[in-house]
Amino acid sequence: MVRTAAQRILVGKTPEEKVYPLGITHGATIDVRKLGALANTYALEIVLFFEEDLARSRTLESVRQEYGHFPEFERPYIDVNRFLAFTRENDPSFETTMDEFPLLIEIIAIGERPSGRNGGETPFVTGLMPFLDELDVDAPPPDIR
């Protein structure tokens, strides 16, 4: 398997050990834009869930098997960069809004799945989108630096 320099940073015995240096840990909350950048840089698969019960009680693979035949934007999950692309395309104020009120994703699961014919593994991360009633747009944004 040919790996980029960025992918070689992801070392460890477990998927959790591999993504820990990136600040990805169970229960952490991370800006959705940072997750998109990490997915691009390190070839991570990062999937956002809209439904808490599915995110917490089911495996990514079982949810994909159940909902994979639905059109992409009707599924209870989405790839982080597909979400970002769709949102940026449909909301010109997205970046400004995210600067003021970052969309923080709770990390739910970290794992690995086969990545093609070469027998390699791709780390994946699942995260939970906040519910609209949990977004406090009147509060000052957290310091995410």
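Further up the page is the structure itself.
Residues numbered from 1 in each chain as written. Predicted model: local features only at pLDDT ≥ 70, side-chain atom pairs only at ≥ 80, totals over all residues. Heavy atoms only, no water.

A. Region of interest: the nonpolar core. Grouped together as the largest cluster of nonpolar side chains are 26 residues, with contacts concentrated most on Ile24, Val32 and Leu44. Secondary structure elements with two or more residues in this core: helix H3 (32-42), strand E2 (45-49), helix H6 (80-90), helix H7 (94-100) and strand E4 (104-114). Tallying contributions element by element places H3 first for this core, with 5 residues. Not counting chain neighbours up to four residues away, the residues in contact with Val32 comprise Leu48, Val80, Phe83, Leu84, Met98, Leu103 and Ile105. Core analysis: the next-biggest nonpolar cluster, separate from the first, contains 11 residues, Leu54, Tyr67, Ile108 and Leu128 among them. (Core = buried A, V, L, I, M, F, W, Y, C linked by side-chain atoms within 4.5 Å. Buried < 20%, exposed > 50% of the residue type's maximum accessible area, 1.4 Å probe, protein only. Helix = DSSP H or I, 4+ residues; strand = E, 2+ residues; numbered from the N terminus. Contact = heavy atoms within 4.5 Å.)

B. The environment of Thr122, seen in detail. Mapped onto the elements of the fold, Thr122 is located in strand E5 (residues 121-128). What makes Thr122 buried here is its relative accessible area of 18%. Between the alpha carbons of Thr122 and Leu44 there is a distance of 6.6 Å; along the sequence they are 78 residues apart. Each residue touching Thr122, except ones within four places of it in the same chain, is listed here: Ala43, Glu45, Gly111, Glu112, Arg113 and Ser115.

C. The arrangement of the sheet that holds E2 in detail. Pairing in this open sheet of 5 strands is mixed, and the strands run E1-E4-E5-E2-E3 from one edge to the other. Both outer strands of the open sheet, strand E1 (29-31) and strand E3 (77-79), are each paired with one neighbouring strand and no more. Direction aside, the axes of adjacent strands within the sheet are offset by 40° on average. Alignment of E2 against E5, held across 5 bridges, turns out to be parallel. Bridging from a neighbouring strand, Ile46 pairs with Val125 of E5. Seen against the sheet, H6 touches E2 and E3 and runs at an angle of roughly 85° to E3. (Pairing = 2+ DSSP bridges. Axes fitted to C-alpha atoms, helices over the stretch in contact; angles between N-to-C directions.)

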